[in-house]
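Chain residues, written in single-letter form:
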Amino acid sequence: LGHATGPRHWATPLGHATGPCHWTMPLDHAINIRNDQCPDLLHNAHRIRHGGAMSEQEIAAQRKAEKAAFEQANEEAYLRRVKTKHTETRRKEKQVTNLEKVEMKLIQKLRNTQQLQQQAFHELESALNGDV
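Residues numbered from 1 in each chain as written. Predicted model: local features only at pLDDT ≥ 70, side-chain atom pairs only at ≥ 80, totals over all residues. Heavy atoms only, no water.

Draft legend 1. Just the overall build of the protein, in detail. Scanning the protein for helices and strands turns up 3 helices and 3 strands. Overall, the protein shows an N-to-C arrangement of helices and strands of β-β-β-α-α-α. Summarising the internal contacts of the protein: among those between residues at least 6 apart in sequence, 14% fall at separations of at least 24. For the protein, the accessible surface area stands at approximately 11,700 Å², while carbon and sulfur atoms represent 58% of it. (Helix = DSSP H or I, 4+ residues; strand = E, 2+ residues; numbered from the N terminus. Contact = heavy atoms within 4.5 Å. Areas by Shrake-Rupley, 256 points an atom, 1.4 Å probe, with all protein chains shown as cover.)

Shown next, in the form of structure tokens:
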């Protein structure tokens, strides 16, 4: 880009040519955007440049499409959250089941140990009393 002798023209997000503005891009940059990068922006900029404004029907259709895309994105995000919660719930339920199994095994070991201690105590008591 060379140095222009006059004021530079800038493009707003809608493609209007205006005076210098710190939040927009130079018009020559906006014109050089490739079609695959921003087809809607270029289409609207072309329409505005050539004097044609969007009709009410086109605006309504565009808003409807934007709303549908927004709702679709929200639904997908919701379904991802539900799936994540469901997966997490199943994982935690499985973890609880495993912990319950470990708990039952430990309780059974404790009972066995208590029986052995009781049996050993009775044998010791019998030996001390001379009942052997």
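Next comes the rest of the account.
Draft legend 2. Fine view of the confidence of the model for the protein. For the protein, per-residue confidence averages 78 on the pLDDT scale, and residues scoring 70 or more make up 60% of the total. Note that residues 8–12 has pLDDT below 50 and, in this model, 28 contacts with residues that lie over four places away or in other chains. (pLDDT = per-residue confidence, 0-100.)

Draft legend 3. Region of interest: helix 3 (residues 56–129). For helix 3, which comprises 74 residues, the first-to-last C-alpha distance of 107 Å matches the rise-based estimate of 110 Å (1.5 Å per residue) to within 8%. Looking at the residues trailing helix 3, positive phi occurs at Gly-130, about 80 degrees. (Expected span 1.5 Å × (residues − 1).)

Draft legend 4. Molecular detail of the pattern of salt bridges. Throughout the structure, instances matching the rule amount to 1 salt bridge. For Arg-91, the salt bridge is made with Glu-88, and the minimal N-O distance between the two is 2.5 Å. Residue Arg-91 and its partner Glu-88 are located together in helix 3, separated by 3 residues, close to a single helical turn. (Salt bridge = Lys/Arg side-chain N within 4 Å of Asp/Glu carboxyl O.)

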